[in-house]
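# What the coordinates show
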Amino acid sequence: MENLMFSLNATMPVFLLMVAGYFLHKICLIDDRFADRMNNFVFKAALPVQLFQNLSTSDVQTVWNGSMILFCFVVSLLSILIMAAISLLLQKRSLRAEFIQAGYRGSQALLGAALLQNIYGDTGPLALVLIGAVPLYNVAAVVVLTLLSPEGGRLDRKTIGKTLRGIVTNPIILGIFAGLFWSVLGIPQPVILQRTVSSFAATATPLGLVALGACIDLKKAASCLRPTLVCGAFKLILFAAVFLPIAVLMGCRGELLVGMLIMLASPTTVSCFSMARSMGHEGTLTSSTVMLTTILSAFTFTGWLYLLRQLALI
């Protein structure tokens, strides 16, 4: 019972904030435009500041783990390749790119930060996951969505350049490296700066989760049911079932193992839909997978935490 309460206390506050966002949207206190603006603010400002805060005030030598970053990269690459192979079974070629992206690209930054903050009080270990996975996620998304576009696209110099610029200027990546740089140089933080950064960073989790809840559309979750269920199974259960034991054998425990769980079992990120739509795809499969995995992750993630707690791994 103690382990179950630990798991519920870690996950339920996160998902109840999403439920609050959903109902605030239903009663028109939050509209779609406001939710989009909140999402934009969280990803471009509040979340990078939160990651900067946690890393800049920590000992970088205790946070940095090259083997884990490499592990995150390899696992991410394998996940992409697995989804690409399974997508060949889809009869509709137009759905393949959305299927691949929705199956591998998780909401590590927002939900991951919220869960780690809730369990351990900081998001330091999440930086390893983001460094190892986010650049690859972005590159793979552009390649897949371009090559498998409904019009039959191709990669050109302009697309490649845009992708590289997007990675280099990604606010989350910038926040991570700014925090690491600050920590390595040992730059002191005056009390005024500490409190300002802390207050700003504290807005990331509640605003992000409320905005995510406001984006949930239960009707869309019911469309494209079969491929959506397959994507959801891999995103929430199968990847974690395959790769988490390997992480345990490599010595991952505690915060680091929860970081790995976040990478492997977090729901599909909302940004998948925006990216698919902007590159000429319908987006229905993506939005359905985002909605379904976000809703179901309240139960699956609680189950994963309970299992790891029962095994005394966290």
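Before any of the text, the structure's been laid out above.
My aim in this report is to walk through the structure given alongside it, one point at a time. (Residues numbered from 1 in each chain as written. Predicted model: local features only at pLDDT ≥ 70, side-chain atom pairs only at ≥ 80, totals over all residues. Heavy atoms only, no water.)

### A closer look at the overall build of the chain
Each helix and strand in the chain was counted, giving 16 helices and zero strands. Each principal axis of the C-alpha distribution contributes one length, and for the chain these read about 55 × 50 × 45 Å. Looking at the chain residue by residue over its 314 residues, the buried ones come to 51%. Accessible surface, the chain: about 14,600 Å² in total, of which carbon and sulfur atoms supply 68%. Looking at charge distribution, the chain has the averaged site of its 21 positive side-chain charges lying 7 Å from that of its 12 negative ones. (Helix = DSSP H or I, 4+ residues; strand = E, 2+ residues; numbered from the N terminus. Buried < 20%, exposed > 50% of the residue type's maximum accessible area, 1.4 Å probe, protein only. Areas by Shrake-Rupley, 256 points an atom, 1.4 Å probe, with all protein chains shown as cover. Lys, Arg positive; Asp, Glu negative; His and termini not counted. Charge placed at Lys NZ, Arg CZ, Asp CG, Glu CD.)

### Structural notes on the environment of Ile27
Here Ile27 shows up in the loop between helix H1 (2–26) and helix H2 (32–56). With a relative accessible area of 59%, Ile27 lands in the exposed category. Distance in space between the C-alpha atoms of Ile27 and Leu81 is 42 Å, their sequence separation being 54 residues.

### Thoughts on the environment of Leu148
By the element assignment, Leu148 lies in the loop between helix H7 (126–147) and helix H8 (157–168). C-alpha separation for the pair Leu148 and Arg93, spaced 55 residues apart in sequence, amounts to 7.5 Å. Once you skip the residues sitting within four places of it in the chain, Leu148 turns out to touch Arg93, Arg96, Ala97, Ile100 and His281. (Contact = heavy atoms within 4.5 Å.)

### Side note on the packing of aromatic side chains
Pairs of aromatic rings are described using the distance from one ring centre to the other and the angle between the two planes. Tallied over the full model, the rule gives six aromatic pairs. Ring geometry for Phe234 against Phe239: centres 5.4 Å apart, planes inclined by 55 degrees, an arrangement best described as tilted. An aromatic cluster is built from Phe234, Phe239 and Phe243, whose rings are joined through pairwise contacts. (Phe/Tyr/Trp six-rings, centres within 6.5 Å; stacked < 30°, edge-to-face > 60°.)

### Concerning the packing of H7 against helix H14 (residues 254–265)
Each pair of packed helices gets described by two things: the angle between the helix axes and the distance between those axes. Relative orientation of the contacting elements H7 and H14 amounts to 25 degrees, with a least axis distance of 9 Å. Here H14 runs roughly parallel to H7, going by the angle between their axes. Considering how the two elements wind past one another, H7 and H14 form a crossing that is right-handed. Mapping the contact onto sequence places Leu126, Leu128, Val129, Ala133 and Tyr137 in H7 and Leu256, Gly259, Met260, Ile262 and Met263 in H14. (Axes fitted to C-alpha atoms, helices over the stretch in contact; angles between N-to-C directions. Parallel < 35°, antiparallel > 145°, perpendicular 65-115°, else oblique. Left-handed = near helix turned anticlockwise from the far one by under 90°.)

### Thoughts on helix H9 (residues 171–185)
The α-helix winds at 3.6 residues per turn, so residues separated by three or four positions along the chain end up facing the same way. Spanning 15 residues, H9 covers 21 Å between terminal C-alpha atoms, matching the ideal 21 Å at 1.5 Å per step. Regarding H9, the residues found buried are Ile172, Ile173, Gly175, Ile176, Gly179, Leu180 and Ser183. Viewed along the axis of H9, the buried residues span an arc of 165 degrees, placing them on a single side of the element. Seen from the open side of H9, the exposed residues pointing more than 90 degrees away from its buried face are Phe181 and Leu185. (Expected span 1.5 Å × (residues − 1). Arc of directions from axis to C-beta.)

### Here's the deal with the nonpolar core
In summary, soluble globular proteins display a tendency toward joint burial of nonpolar side chains. Membership of the largest hydrophobic core comes to 85 residues, with the highest contact counts inside it found for Ile176, Leu257, Met260 and Met263. The greatest single-element share of this core, amounting to 15 residues, is contributed by H7. Not counting chain neighbours up to four residues away, the residues in contact with Ile176 comprise Leu51, Leu55, Ala127, Leu130 and Ile131. Grouped together as the second largest cluster of nonpolar side chains are six residues, Ile30, Ala35, Met38 and Ala211 included. (Core = buried A, V, L, I, M, F, W, Y, C linked by side-chain atoms within 4.5 Å.)

### Things to note about unusual backbone geometry
Phi angles above zero are rare outside glycine, and Cys28 is one such case at about 70 degrees. Here Cys28 shows up in the loop between H1 and H2. For Ala312, which is not glycine, the phi torsion reads 60 degrees and is therefore positive. With respect to the helices and strands, the residue Ala312 is situated in the segment after helix H16 (284–310). Given a relative accessible area of 63%, Ala312 falls into the exposed group.

### Side note on the side chain of Ser107
Within the secondary structure, Ser107 is located in the loop between helix H5 (96–104) and helix H6 (108–120). Ignoring anything within four residues of it in the chain, the contact list for Ser107 reads Gly112, Ser266, Pro267, Thr268 and Thr269.

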